Amino acid sequence: MANTMADAHEIRKAVHETGKIVQIGTQRRSARNYQRAYEFIRSGGFGDIVAVEMTWNVNQPGRWRRPDLVATLREEDTDWKRFLVNRPDAAFDPRKYLEFRLFWPYSSGIPDQWMVHQIDTVHWFTGLPRPRSVVANGGIYHWHDGRKNWDTMTAVFDYGPLHDPARASR
């Protein structure tokens, strides 16, 4: 929904100013198997959670690429200025318009397209609002196609009570 904290704050401000009801979430919270896992974990069935390991391996060359369609896209067929919203003004680029997941500042790629769903599950299951710290590394190692966002990423999140860095989550 937002690629920057500034965008998130603007969205929150608009919701408060308009009084509109807005619901945002990830699809896993609607899945019965995840709901059952949540119930079991919250019941204490596993005891204290001290580590979570998640992996998402995707090798789908066409997942975010649509070169045939990009080649036919014309600026007059889009609302490029509206697409940019509050991003820096830039000349029309059909790749950035259609394959936006590959380019900052239109997307952060892996973190906001896939990782967000897994991290939301950790927050939901543990009741923790955010990690205590995060380190990440990655790069463009395979898809040398002009993208700016990483095609490979590893991240480590430290979770636990925010007031007690020595303890794991409960």
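Before reading further, recall that the structure is shown in the block above.
Note that this is a predicted model, so its numbers are computed, not measured. (Residues numbered from 1 in each chain as written. Predicted model: local features only at pLDDT ≥ 70, side-chain atom pairs only at ≥ 80, totals over all residues. Heavy atoms only, no water.)

Colleague: Provide a residue-level description of the pattern of salt bridges, including the pertinent values.
Modeller: Applying the stated criterion across every chain yields a total of 13 salt bridges. K81 serves as the salt-bridge partner of D89, at 2.8 Å between the closest nitrogen and oxygen. Exposure remark for D89: the relative accessible area of 63% places this residue in the exposed category. Note that R147 and D145 form a salt bridge whose closest N and O atoms lie 2.9 Å from each other. When salt bridges that share partners are traced, they join R65, R95, E99, D145 and R147 into one network. (Salt bridge = Lys/Arg side-chain N within 4 Å of Asp/Glu carboxyl O. Buried < 20%, exposed > 50% of the residue type's maximum accessible area, 1.4 Å probe, protein only.)

Colleague: Outline the packing of helix α2 (residues 32–42) against helix α6 (residues 110–126), supporting the account with residue identities and numerical values.
Modeller: Following both chains from N to C, one finds α2 and α6 inclined at 40°, their axes separated by 9 Å at the closest point. By the angle class used here, α2 and α6 are oblique. Counted together, Y34, Q35, A37, Y38, I41 and R42 of α2 and T121, W124, F125 and T126 of α6 form the full contact between these two elements. (Axes fitted to C-alpha atoms, helices over the stretch in contact; angles between N-to-C directions. Helix = DSSP H or I, 4+ residues; strand = E, 2+ residues; numbered from the N terminus. Parallel < 35°, antiparallel > 145°, perpendicular 65-115°, else oblique. Contact = heavy atoms within 4.5 Å.)

Colleague: Describe the environment of F40, listing the residues and the values that go with them.
Modeller: Tracing the backbone through its elements, the reader meets F40 in helix α2. Along the chain, F40 and T121 lie 81 residues apart, while their C-alpha atoms are 14 Å from each other. The contacts of F40, once residues within four sequence positions are left out, are G45 and F46.

Colleague: Please give an account of the environment of N3 that cites residues and values.
Modeller: Relative to the helices and strands, N3 is located in the segment before α1 (5–18). For the pair N3 and P111, spaced 108 residues apart in the sequence, the C-alpha separation amounts to 9.6 Å. For N3, the residues in contact, after removing those within four places along its chain, are R87, W104, P105, Y106, S107, S108 and D112. A distance of 2.9 Å separates the side chain of N3 from the backbone oxygen of Y106, its partner in a polar contact. (Polar contact = N/O pair within 3.5 Å; in protein donor to acceptor, adjacent residues only side chain to side chain.)

Colleague: If you had to explain unusual backbone geometry to someone new, which residues and values would you point to?
Modeller: Cis rather than trans, the peptide bond between W104 and P105 has omega equal to 15°. Among the structural elements, P105 can be located in the loop between α5 (94–98) and α6.

Colleague: Quick one: what's the story with the side chain of S107, residue by residue and with numbers?
Modeller: The topology assignment puts S107 in the loop between α5 and α6. A distance of 2.9 Å separates a polar atom in the side chain of S107 from the backbone nitrogen of G109. Of the polar contacts made by the side chain of S107, one reaches the side chain of D112; its length is 3.0 Å. When neighbours within four sequence positions are excluded, S107 is seen to be in contact with N3, F100, R101, D112, Q113 and N149.

Colleague: Give a detailed account of the nonpolar core, specifying residues and quantitative values.
Modeller: In terms of nonpolar packing, the biggest core is built from 12 residues, these being W64, V70, L73, W80, L84, F92, L98, L102, F103, Y106, I110 and W114. When near neighbours in sequence (up to four residues on either side) are disregarded, F92 contacts L73, R74, E75, T78, W80 and Y97. M115, I119, V122 and Y159 belong to the second largest nonpolar core, which has five residues in total. (Core = buried A, V, L, I, M, F, W, Y, C linked by side-chain atoms within 4.5 Å.)

Colleague: Summarise a nonpolar patch on the surface; cite the residues concerned and give the values.
Modeller: Judged by side-chain polarity, M1, V22 and I24 come together as a nonpolar surface patch covering roughly 340 Å² of accessible area. Topologically, I24 is positioned in the loop between α1 and α2. Judged by its relative accessible area of 56%, I24 falls in the exposed class. (Patch = residues over 30% accessible without salt bridge, like charges linked within 9 Å, V, L, I, M, F, W, Y side chains within 5 Å. Areas by Shrake-Rupley, 256 points an atom, 1.4 Å probe, with all protein chains shown as cover.)

Keep in mind these values describe shape, not function.
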